[in-house]
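The chain contents come next:
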Amino acid sequence: MRIQFTLNGRPTTVDAPADIPLLHLLRDYLELTGTKCGCEIGECGACSVLLDGEVVNSCLVPAPQVEGRDVVTIEGIRGPDGGPSDLQEAFIEAGAVQCGFCTPGMILAATALLAKHPQPSRPQIIEALSGNLCRCTGYQQIVDAIELTVRRRAGKEVQA
Amino acid sequence: MSTQHYEFVRARTCAEALALLNEAGRVSRPLAGGTDLMVQRHKGQVVWERLVDVSQIPELRVIREEGDAIIIGAGVTHSEAAQHPLIRQHLPALAEACHSVGSPQIRNRGTIGGNVANAAACADTLPALICLGATARFITPAGEQELPVGRLVTGVNRTALPAGALIRDFRIPKPPAGARQAFIKIGRRQAQSISRLSLAALGRLDAAGKVAEVRLTPGACTSRTQRFDQAEAILLGQAPSEELVRQAGQAAAAQMVAIAGRRWSTAYKEPALAAIVERALRRIFDLPGEK
Amino acid sequence: MSTFKVLGKPARRVDAVEKVLGTARYTVDLKMPGMLVAKILRSPVPHAEIVKLDVTPALKVPGVAAAITSEDYVDHSNWGFPVKDDYMLAYQRVRYVGDPIAAVAAETEEAAEAGLKAIVLELKELPAVFDTQAALRPDAPLLHPELSQAESEPAGDSEFIEVKAKGNLSDHLIVRQGDPLAALAGCDVVIDERYSVSHQEHAYLETEAALAVPTPDGGVTVYIGDQSPFITQGNLVTTLGLPAEKVRVVQTRYIGGAFGGKSDMIYECAGQAAKLALVTGRPVKLTTSREESMIASYKRDAMVSHFRIGADRDGTIRACKVEAWADSGAYASMTPFTSWRAAIHAMGPYRYNACAVDVYGVYTNNGYSGAFRGFGNPEVTAGSEQAIDELAEKCGMDPLEFRLKNCIKLGDTLPYGQKLEESVGLEACLRRVRELSDWDRKRAEYARQPAGRERRRGIGVACFFHGCSLGAEGVDDATHIIRLGPANRFQIISGLTDYGQGSRTVFALIAAEASGLPLERFEWSAGDTDVSKDCGPTVASRSTLLGGNATRLAAERLRQQIVNAAALLLRCDAGAVQQDGETFSAGGRSVALDEIINFAREMNVPLSASARWQMPKIHWSFTEGRGVPYVAYHFGAQVAEVEVDTRTGKTRVLHIWAVHDIGRVVFPEGAKGQVIGGIAQGLGYGLLERVEFQNGYNTNPNFDTYLIPTAADMPAVTVEFVENPLSFGPYGAKNVAEPSLVPTAPAIANAIYHATGRRVRHMPANLERVLLGRDLVDSVVTYQDGVCERARCDVGGAADT
């Protein structure tokens, strides 16, 4: 079946079976391997993408449901110069990245949060990440990275 | 990893959906958020030949006031319900129940209609919907029908929904003035938890300070989610007190055992249910904080 | 600390950019033209004889290119170290649910699954055992009747050994000091209690995968995210019957976590994919679903322990007798080694007059156990640090004060006879964590909570030690090469793995420190058996110590080469050259590094150095239970503050303070991340995590039912480091990766006791154990065809009125 949607800001058309999840569509039909597969039952968040700005588990979205809609994957999160965005930079600086497998999902979840709540509290950040499992970091530095981004965007801290 | 195949068709209207769901010679299921169906797919439990996508049908997405009731479309997501001003104001127990589902990712996709139709034993919205007296309105080839949610969901993964029917929305009467609500969920961890036990409660005092109305609907402890009338009876007409809510908690635990029998999990659920009944009632009736 | 140029200062992880951009490719992301998909047929039952196995019907399925069994390997694919009891594909028998039996390669996943279904498999179920005590009974069914147990029976000391090494006993490790039974009899205060811990799942976010590519010379290259490329290579050489020159193992540049879990089953994945690649002549990729990974992969051993510890009335610890039984599961894997480390650490970091420890590794038909962060220490410390707490209470002493009174200090001798001459920071850790957590005030305040309060707060402590690196078990060395790469950067070639713990960054920092060059001049590499030197496995938190030292030496040699080249350019003696970062000068003239490099290239002056570093040799007597097991130890203490809802059994951890003596901080964000990450795993271990084996079936094989901490479950964590430099560590560094996990669970359990007066001796301290004092077993589990059906909510199925 043919599926037409906006992917990372670009109109995209792909031919794929109707009965696969979006995760499979992205990784195997569109060669975008940044979105990871961790459990296939919507419990780990490694497959998180934005669907019309909302963070969702792409392992549970039937691929044809993205027809006409807007999907953003980690490959679409970039700074204005095409390099890491301020959020991605903050992840590196704050020690939020260890093995990196949960990182794309975390960044998508954080991006969705900050789009809705530019000045979230720490508990709000934690709640926004509560659907993304990490086994390496213990989460603290990931939350720190998001707080750092919030402060910088508010002009309270200069980027190193 | 599932390799069971099926078709996918999008319905733009209720009428279209109904036609597709009832097309002869093909087993079809409605698809909204997919958070239950896609897990079943992963586990190799595909029992459908076609999924009918109803997620874009406008009537299924409504949240509005209709006289003295709130209408919530079956396709409203848990996120939408948890954040909507009408639901937060009039039906806070439902807003909290929806907020407790899964994770942000799941809440952004899972729908109330899906939660009800799937009828999991630990479904979070069921206690709130039943406590609030929600009626499910569904469409069938024979016309529109409705059933109280407490009668629609008959057991674990079992509903009285006729084959080929589609839940369109839920009609929930606005609770009477002065009624207070509570929703409590016990999970094994702080987020993304299957409900170990839950409770939706509503209560109202009369002018003399006696319990005029009380509704207690525990979740994840009986195969059919229901009001625990025996516990409620203890409270009706009484002035709330520490001793009274304790008795109500005990009665709820006893009624649970009477309904579900003594099971391997009962030794935990008995005292825990009593505790959350007490706490919900304290909150609703403004008793001094728990010890 | 400020005397260092880069060490201990904020630094960027060297491989983080690709991870945040999503361009980092893990094994599961790799593709090759013509690639086939591999799938494994696994045992649906816990113990059975293979009566019939015929894979030829699979070959008739459209799309299937190959189907293999143990017969396709040398010696039926027998492998395993230190006990060679396992098979890449089962031979004659299966011993746990998930044991691999056959492998299929096909064009698509669907075809591969159809191929598996077509395989003719007849199993005759055998009686099975699922707990260590049942497995040790004389009439217990034997898992490995063919293995002789005679070698594992220690000579002499027979009066201490009540269980003979035979049957399902896989190993027996001891520590001996004096006569503890006599000493205990003379103690004023004795604790005699049993504790237990459950199987823990590694839950790395990236499941096992391997990509095998046949090479034109009849060999094979395997791309894999493992912890030990040379061990993988060795196992392939053994089972495929190929010479080492024809077997190349290339570590995928990015690995999604390991924690000890990618050094056993993953060798089998390599062997399965490699054989299929050789048979088909095409690349073959094997991936595993989360359920498959959780069911088939090894776990942290479940352990039951019995502690008897005695003290004088004044709180001086005198003696202990410890016995522990480790559930090795179906195969030995690393359990002989985890049992050894458990034995060494079982009595805790205290002074004793007499001590006896016996740790038994026992085969059962549960999923097998092996290496997992902490490697035996978390298992015993979960018991010992609760026992110490109980002993402190019986002596009427504050638990932290009790530990300060008895803890190992510089110059003390450990029970097995090792005198500690340097780098013992335990006392400092305890004192600092006491300060940070406001221990004294909270102990007093929470003890005064009204009896009827439902949500109760408590604060608990646990301390520990953790031997650095492999210990007396084996050869412990590393060889690093630092060589000039194409972009005028220096590549650090290591056989050690970075699977997220940050060793690449640590090596780069050490290289920068030792050479005086900026961090950006160094590049990391992934292990490759064609290029790297065998540095042994990346386990035992040994990377910084072994790899760090090798890096330091190599970088110093590289620096000397650069200086020599500079001297040629500057026309002076090497000794006259001064370095300031990338600039080298003498006699008023200077030359930049890039110039030196270009010159070196032109003139064929070498700018490449290698160095081997080996741990000092030590000796442990396995028969006497005495000696020097580790050259050095990491020390630490953690305090946990909790709030327990005594009406629901729910424990909320409010804060954890962790103070660790790691010798020297090299990479601050990395070290902090290792501690917090370890604490998260320890919190899960203590409160949430348990592989629920029932009759050998893993009944919770995904993240909906195997619960690891989410961001919402983590408390605020305060981390501090004590630096007690180790004379032979790189710049004094010891290690940090594993130890952080060790004390967390008992600290939480001790806090729960302080809050509630309820001792939860069996972990995890789940809702039921905290509320009721006992666990409830889900009796409504059914199995069919290897699939387990669980009634998750236990509400019954009958229609209610």
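The model shown is predicted, which means the values in this text are computed figures rather than measured ones.

## Section: the pattern of salt bridges
Then comes step 1: For the structure on display, the rule yields 83 salt bridges over all chains.
Then comes step 2: Here Asp53 of chain B and Arg10 of chain B are joined by a salt bridge, their closest N and O atoms 3.1 Å apart. Highlighted residues: Asp53 of chain B in strand E3 (residues 50–53) and Arg10 of chain B in strand E1 (residues 7–10), separated in sequence by 43 residues.
Then comes step 3: Since its relative accessible area comes to 14%, Arg10 of chain B is described here as buried.
Then comes step 4: Between Asp775 of chain C and Arg690 of chain C there is a salt bridge; the shortest N-O distance is 2.3 Å. Taken together, the residues span a long stretch of sequence, with Asp775 of chain C in the loop between helix H19 (767–772) and strand E33 (781–784) and Arg690 of chain C in the loop between helix H17 (668–688) and strand E30 (693–694) at a distance of 85 residues.
Then comes step 5: The class of Arg690 of chain C is buried, set by a relative accessible area of 18%.
Then comes step 6: Three or more residues are tied together by salt bridges with common partners; here these are Glu242, Glu278, Arg279 and Arg282 of chain B together with Glu454, Arg455, Asp645 and Arg647 of chain C.

## Considering the domain arrangement of chain B
Then comes step 1: Split into domains, chain B comes out as domain 1 (7–53), domain 2 (58–173) and domain 3 (180–284).
Then comes step 2: A C-alpha centroid distance of 36 Å is found between domain 1 of chain B and domain 3 of chain B.

## Quick notes on the nonpolar core
Then comes step 1: Among the nonpolar cores identified, the biggest contains 105 residues, and Phe91, Leu129, Ile142 and Ile146 of chain A together with Ile752 of chain C are the most heavily contacted of them.
Then comes step 2: Residues contacting Phe91 of chain A, with those up to four places away along its chain left out, are Ala96, Val97, Thr103, Met106, Ile107, Ile142, Ala145 and Ile146 of chain A together with Val20 of chain C.

## Observations concerning empty space enclosed by the protein
All names here are of chain C.
Then comes step 1: Scanning the entire structure with this criterion turns up eight cavities of 30 Å³ or more.
Then comes step 2: Taken as a whole, the largest cavity encloses approximately 490 Å³ of empty space.
Then comes step 3: Lining the largest cavity are 35 residues; nearest its centre among them are Gln501, Ser541, Gln674, Ala737 and Glu738.
Then comes step 4: Per-element accounting of the lining of the largest cavity gives the leading share, three residues, to H17.

What counts, and at which threshold
Numbers given to residues run from 1 along each chain, matching the order in which its sequence is written. In the order they appear in the text, chains get letters beginning with A and ligands get numbers beginning with 1. Given that the model is predicted, a residue must reach a pLDDT of at least 70 before its local features are reported, and side-chain atom pairs must reach 80 or more before they are shown or counted; all residues, however, enter totals for whole chains, interfaces and linings. The side-chain values count all of the structure's non-hydrogen atoms but skip hydrogen atoms and water molecules. Think of a salt bridge as a Lys or Arg side-chain nitrogen and an Asp or Glu carboxyl oxygen that are within 4 Å of each other. Under the DSSP-based scheme used, a helix requires at least four consecutive residues in state H or I and a strand at least two consecutive residues in state E, with every element numbered from the N terminus. Accessibility here uses a 1.4 Å probe with only protein chains present; expressed as a share of the type maximum, an area under 20% marks a residue as buried, one over 50% as exposed, and anything in between as partly exposed. Where each domain begins and ends follows an automated or database-derived domain assignment. Residue types Ala, Val, Leu, Ile, Met, Phe, Trp, Tyr and Cys, when buried and joined through side-chain atoms within 4.5 Å, form a set referred to as a nonpolar core. Working rule for contacts: check all heavy atoms of both residues, and any pair within 4.5 Å makes them a contact. Points on a 1 Å grid over protein atoms alone make up a cavity when a 1.4 Å probe fits among them but cannot get out, and a pocket when they form an open set with protein on both sides within 12 Å along at least five of seven lines; lining residues each have an atom within 4 Å of a point. Grid points are joined across faces, edges and corners, and a volume is the space filled by probe spheres set on the points.

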